[in-house]
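# Topology and contacts: notes
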Amino acid sequence: MSLPLNAGPRVLWLTGLSGAGKTTLSEALARGLRARGEAVAVLDGDALRRGLCADLGFSPEARAENIRRAAEVARLMADAGLRVIVALISPYRHERALARGLFRPGEFAEVHVHAPLAVVEARDPKGLYARARRGEIPQFTGIDAPYEAPEQPELRIDTADCTVDEAVDRMLVLCQPAAGADAA
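Residues numbered from 1 in each chain as written. Predicted model: local features only at pLDDT ≥ 70, side-chain atom pairs only at ≥ 80, totals over all residues. Heavy atoms only, no water.

### Some points on the pairing of strand β3 (residues 83–87)
For clarity, the threshold we go by: Accessible area is worked out with a 1.4 Å probe on protein chains only. A residue is then buried under 20% of its type maximum, exposed over 50%, and partly exposed in between. Helix and strand assignments follow DSSP, with helices taken as H or I runs no shorter than four residues and strands as E runs no shorter than two, numbered in order from the N terminus. Strand pairing is defined by DSSP finding a minimum of two bridges between the two strands.
Of all five residues in β3, five are buried; the element is thus mostly enclosed. The alternating pattern of β3 places Arg83, Ile85 and Ala87 and Val84 and Val86 on opposite faces, both of which are buried. Pairing of strand β1 (residues 11–15) with β3 involves four bridges; the strand directions are parallel. Residue Val11 lies in a different strand from β3, and its bridge partner there is Val84. Here strand β2 (residues 40–44) pairs with β3 via five bridges, running parallel. Bridge pairing in β3 places Leu43 opposite Val86.

### Let's talk about the layout of surface pockets
What counts, and what does not: In the cavity and pocket records, a cavity denotes points on a 1 Å grid over the protein atoms alone where a 1.4 Å probe fits but cannot get out, a pocket denotes an open set with protein on both sides within 12 Å along at least 5 of 7 lines, and lining residues are residues with an atom within 4 Å of a point. Grid points are joined across faces, edges and corners, and a volume is the space filled by probe spheres set on the points. Three residue categories are used. Nonpolar comprises Ala, Val, Leu, Ile, Met, Phe, Trp, Tyr, Cys and Pro, charged comprises Asp, Glu, Lys and Arg, and polar comprises the others, including Gly.
In this model, the largest pocket occupies a volume close to 800 Å³. Around the largest pocket, the lining comprises 36 residues; the ones closest to its centre are Ser18, Lys22, Asp46, Ile89 and Lys126. For the lining of the largest pocket, the secondary structure elements donating two or more residues are α1 (22–35), α2 (45–50), α3 (60–79), α6 (128–133) and α7 (164–174). Among the residues making up the lining of the largest pocket, the classes are represented as 16 nonpolar, 12 polar and eight charged.

### Points about the packing of α1 against α7
The cut-off we apply is this: Inter-axis angles, ranging from 0 to 180 degrees, are taken between N-to-C directions of lines fitted to C-alpha atoms, where helices are fitted over the stretch in contact. Small angles under 35 degrees read as roughly parallel and large ones over 145 as roughly antiparallel, with 65 to 115 read as roughly perpendicular and the rest as oblique. Here a crossing is taken to be left-handed if its near helix is turned anticlockwise relative to the far helix by less than a right angle, and right-handed if that turn runs clockwise. In what follows, a contact means two residues having at least one pair of non-hydrogen atoms within 4.5 Å.
Two elements in contact, α1 and α7, have axes separated by 9 Å at closest approach and are oriented at 60°. The angle between α1 and α7 places the two elements in the oblique class. Crossing geometry of α1 relative to α7 is assigned as right-handed. Contacts from Thr24, Leu25, Ala28, Leu29, Gly32 and Leu33 in α1 reach Val164, Ala167, Val168, Met171 and Leu172 in α7.

### Considerations on the UniProt feature "active site" (unreviewed entry) in the chain
To keep things clear, this is the line we draw: UniProt positions are given in the numbering used here, feature names are shortened, and annotations may be inferred rather than shown by experiment.
The feature "active site" (unreviewed entry), as given by UniProt, occupies Ser90 in the numbering adopted here. You can see Ser90 is positioned in the loop between β3 and α4 (93–100). The residues contacting Ser90, other than those within four sequence positions of it, are Trp13, Thr15, Ile67, Arg96 and Tyr147.

### A word on the sheet that holds β3
Strand order in this open sheet of five strands is β2-β3-β1-β4-β5, and the pairing throughout is parallel. Looking at strand neighbours, the two that pair on one side only are β2 and β5 (155–158), the edges of this open sheet. Each strand of the sheet is rotated relative to its neighbour by a mean of 20°, with strand direction disregarded. With respect to the sheet, α7 is in contact with β1, β4 (108–114) and β5, its orientation differing from that of β5 by roughly 175°.

### Quick look at the nonpolar core
Applicable threshold: Throughout this description, the term nonpolar core refers to a set of buried Ala, Val, Leu, Ile, Met, Phe, Trp, Tyr and Cys residues connected via side-chain atoms within 4.5 Å.
Counting residues in hydrophobic clusters, the biggest one holds 29 residues, and the most contacted among them are Leu14, Leu29, Val111, Ile157 and Met171. Every residue in contact with Leu14, bar those within four places of it in the chain, is listed here: Lys22, Leu25, Ser26, Ile85, Val86, Ala87, Leu88, Val111, Val113 and Met171. With 15 residues, the next largest nonpolar core counts Trp13, Ala71, Ala74 and Ala99 among its residues.

Listed below in structure tokens is the structure:
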């Protein structure tokens, strides 16, 4: 079942530091949308880096290409009628703006999945922050490479202050048809 044109954003772009909760939230949101009968695809940064973007490093240029590829795939999936959840650190505002530019107004929603650096370092599910602090991972976002937080995301979720269920409920509201739109 494909999305009607007025079903809210076709692409939800979750951005935030490593360990902020993007993958957890994207998977939970996908379950919630599927429970509503929607066709959903998740593009997770780790999965993309193992496949489509395995040839890319972490220089600013490689990160830009990683985001470009993810955005193009998201556009193809959205055009096919899927709701697409993209979960990428995507550290630079400029690249996120280019991704947004591939979509018509209202089709793309930026969700800033925020947690303070101290919180994500304490979580450190993959041990990446510890490795970055030891100098084993150069140019690690949030440590020695920048993260530019969204200035005006459609939604900001602070995962240090809310549960996964609360965050998903907020994202599901974002996925509702626009006020006054016909749901058919």
